[in-house]
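Descriptive analysis of the structure
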Amino acid sequence: MTVSVPLSRREWLLSDRPASRLQARLGRAYVAWGRFSANRLALVGMLIIIALLVVAAFADVLAPYSPTVGDLKNARLLAPSAAHWFGTDDLGRDIYSRIVYGSRWTLYVVILVAIIAAPIGLLVGTIAGYAGGWTDTILMRITDIFLAFPKLVLALAFVAALGPGIENAVLAIAITSWPPYARIARAETLTVRNSDYIKAVQLMGASPFRIVLRHIMPLCISSLIIRVTLDMAGIILTAAGLGFLGLGAQPPLPEWGAMIASGRRFILDQWWVAAAPGAAILIVSLGFNLLGDGLRDALDPRSGDQ
């Protein structure tokens, strides 16, 4: 008489013969987390992004002063101290409080750009890769036109046409950010377009729209997530560049690029006015890059088990 030995949780997750889709998905997630957690720098990046989310969510609690109202008479250009951790700016506003509230605008920009640009690139790339022919040629030549210009220069042109403001800056950055996603989605589509899996779906009578939407796009999501995460640093720098040039967030919004622009006049004597928001941009950009590298190692289907 055979006695069945209950599987441990790890054995159940790593089973070669999952009994359900849920078990298969949990198993893949467990393997991906193992690869990700083996990269210590990726964990550091994840902690930085989690800290950014916490700071943005609890800015009202963490900021001791108003980000827009200062004490021009008594607190102008004060050096870092116990009362003002990062000092004050030329209008007597607490820089630490402005950086804390500025994290919300940073997340606002990167999330909106990702929500707008990634679906556009995914749609264009999958349609071009699956349809082929003139459709592929036309869509890819349009993509090449956008890729031919530096992202910041093209964003400057769009913002100059739309007018300064944080919403127009987000739209301009999104318009210039989708071409790399389209390239990635097209490459992924070309690898699976003639696979047996897609042929079987075609024989079942699925329309091209359904095939692209339900069967090809999900296969491109992991590569797209990696690229979007790696592009977050560039999006932050582009938004900061627009803010620095006065075409992004407008005063008195505590946007980090605009804070650097207002502090450049005092960079020699009151260095903290520009250094503090610059350090915030550096740390957050580094966090997104480290997180993107870790996700690339974890989600890459060609990488073997660690």
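Predicted model only: the values in this text are computed from it and were never measured.

Thoughts on the overall build of the protein
A tally of helices and strands in the protein yields twelve helices and zero strands. When its helices and strands are written in sequence order, the protein yields α-α-α-α-α-α-α-α-α-α-α-α. Dimensions of the protein, computed from C-alpha atoms along their principal axes, come out at roughly 85 × 60 × 25 Å. Counting across all 306 residues of the protein, residues that qualify as buried make up 42%. The long-range fraction of contacts in the protein, counting pairs at least 24 apart against all pairs at least 6 apart in sequence, stands at 70%. Only carbon and sulfur atoms are counted for the fraction: they give 66% of the accessible area of the protein, which is about 16700 Å².

Remarks on the pattern of salt bridges
This structure, assessed with the given rule, holds nine salt bridges. Residues aspartate 136 and arginine 186 are paired through a salt bridge, measuring 2.8 Å at the closest nitrogen-oxygen approach. Placement of the pair is aspartate 136 in helix 6 (residues 133-147) and arginine 186 in helix 8 (residues 166-192), with a sequence separation of 50 residues. Given the relative accessible area of 11%, aspartate 136 is considered buried.

Focus on the confidence of the model for the protein
On average, residues of the protein carry a pLDDT of 86, and 95% of them reach 70 or more. Across the protein, the secondary-structure element scoring lowest on mean pLDDT is helix 1 (residues 9-13), at 73, and the one scoring highest is helix 3 (residues 40-57), at 93. The low-confidence segment residues 1-5, where pLDDT is below 50, has zero contacts with residues more than four positions distant or belonging to other chains.

What about a nonpolar patch on the surface?
Together, Leu47, Ile50, Val54, Phe58, Val61 and Leu62 make up a nonpolar patch on the protein surface, roughly 560 Å² of accessible area in all. At the level of elements, helix 3 and helix 4 (59-62) are the ones that each hand at least two residues to the nonpolar patch. With three residues, the top contributor of residues to the nonpolar patch is helix 3. Position of leucine 62 among the secondary structure elements: in helix 4.

Topic: the nonpolar core
Core analysis: the largest hydrophobic core is formed by 65 residues, its most contacted members being Val109, Val113 and Trp256. Considering each element in turn, this core owes the most residues, 14 residues, to helix 10 (residues 208-244). Setting aside chain neighbours within four positions, we find tryptophan 256 in contact with Leu52, Arg98, Ile99, Gly102, Ser103, Thr106, Pro277, Ala280, Ile281 and Val284. The next biggest cluster of nonpolar side chains, apart from the first, holds five residues, and it includes Ala59, Ala63, Tyr96 and Val100.

Some thoughts on helix 6
Between the first and last C-alpha of helix 6 there are 21 Å, a value that for 15 residues agrees with the 21 Å anticipated at 1.5 Å per step. Looking only at helix 6, the buried set comprises Asp136, Met140 and Thr143. Mapping the buried residues of helix 6 onto a view down its axis gives an arc of 55°, with all of them on the same face. Residues of helix 6 that are exposed and point over 90 degrees away from its buried face: Trp134 and Ile145. Tucked inside the fold, the buried residues of helix 6 contact helix 5 (95-131) and helix 8.

Considerations on the environment of methionine 232
Relative to the helices and strands, methionine 232 resides in helix 10. Exposure remark for methionine 232: the relative accessible area of 11% places this residue in the buried category. With 56 residues separating them in the primary sequence, methionine 232 and phenylalanine 288 have C-alpha atoms 6.2 Å apart. Not counting residues within four places of it along the chain, the set of residues in contact with methionine 232 comprises Val110, Ala114 and Phe288.

Side note on unusual backbone geometry
What is expected of a backbone is that most residues other than glycine have negative phi and most peptide bonds are trans. Phi is positive for leucine 77, which is not a glycine, with a value near 55°. Summarising the element assignment, leucine 77 is placed in the loop between helix 4 and helix 5.

Quick look at the packing of aromatic side chains
If you walk through the whole model with that rule in mind, you get six aromatic pairs. When the ring of tryptophan 85 is compared with that of tyrosine 96, the centres are 5.0 Å apart and the planes differ by 50°; the resulting orientation is tilted. Placement of the pair is tryptophan 85 in the loop between helix 4 and helix 5 and tyrosine 96 in helix 5, with a sequence separation of eleven residues. Tryptophan 85 sits in the exposed class, given a relative accessible area of 53%.

Some words on helix 8
For helix 8, built from 27 residues, the straight-helix expectation of 39 Å at 1.5 Å per residue is met to within 8% by its first-to-last C-alpha distance of 39 Å. Maximal helix bending in helix 8 amounts to about 30°, located at serine 177; proline proline 179 follows within four positions.

What about the side chain of serine 223?
Relative to the helices and strands, serine 223 is located in helix 10. Overall, serine 223 belongs to the buried group, its relative accessible area being 18%. Each residue touching serine 223, except ones within four places of it in the same chain, is listed here: Ile184 and Glu188.

Thresholds, definitions, all that
- Residues numbered from 1 in each chain as written.
- Predicted model: local features only at pLDDT ≥ 70, side-chain atom pairs only at ≥ 80, totals over all residues.
- Heavy atoms only, no water.
- Helix = DSSP H or I, 4+ residues; strand = E, 2+ residues; numbered from the N terminus.
- Buried < 20%, exposed > 50% of the residue type's maximum accessible area, 1.4 Å probe, protein only.
- Contact = heavy atoms within 4.5 Å.
- Areas by Shrake-Rupley, 256 points an atom, 1.4 Å probe, with all protein chains shown as cover.
- Salt bridge = Lys/Arg side-chain N within 4 Å of Asp/Glu carboxyl O.
- pLDDT = per-residue confidence, 0-100.
- Patch = residues over 30% accessible without salt bridge, like charges linked within 9 Å, V, L, I, M, F, W, Y side chains within 5 Å.
- Core = buried A, V, L, I, M, F, W, Y, C linked by side-chain atoms within 4.5 Å.
- Expected span 1.5 Å × (residues − 1).
- Arc of directions from axis to C-beta.
- Phe/Tyr/Trp six-rings, centres within 6.5 Å; stacked < 30°, edge-to-face > 60°.
- Bend = angle between axes of the 7 residues up to and from the residue.

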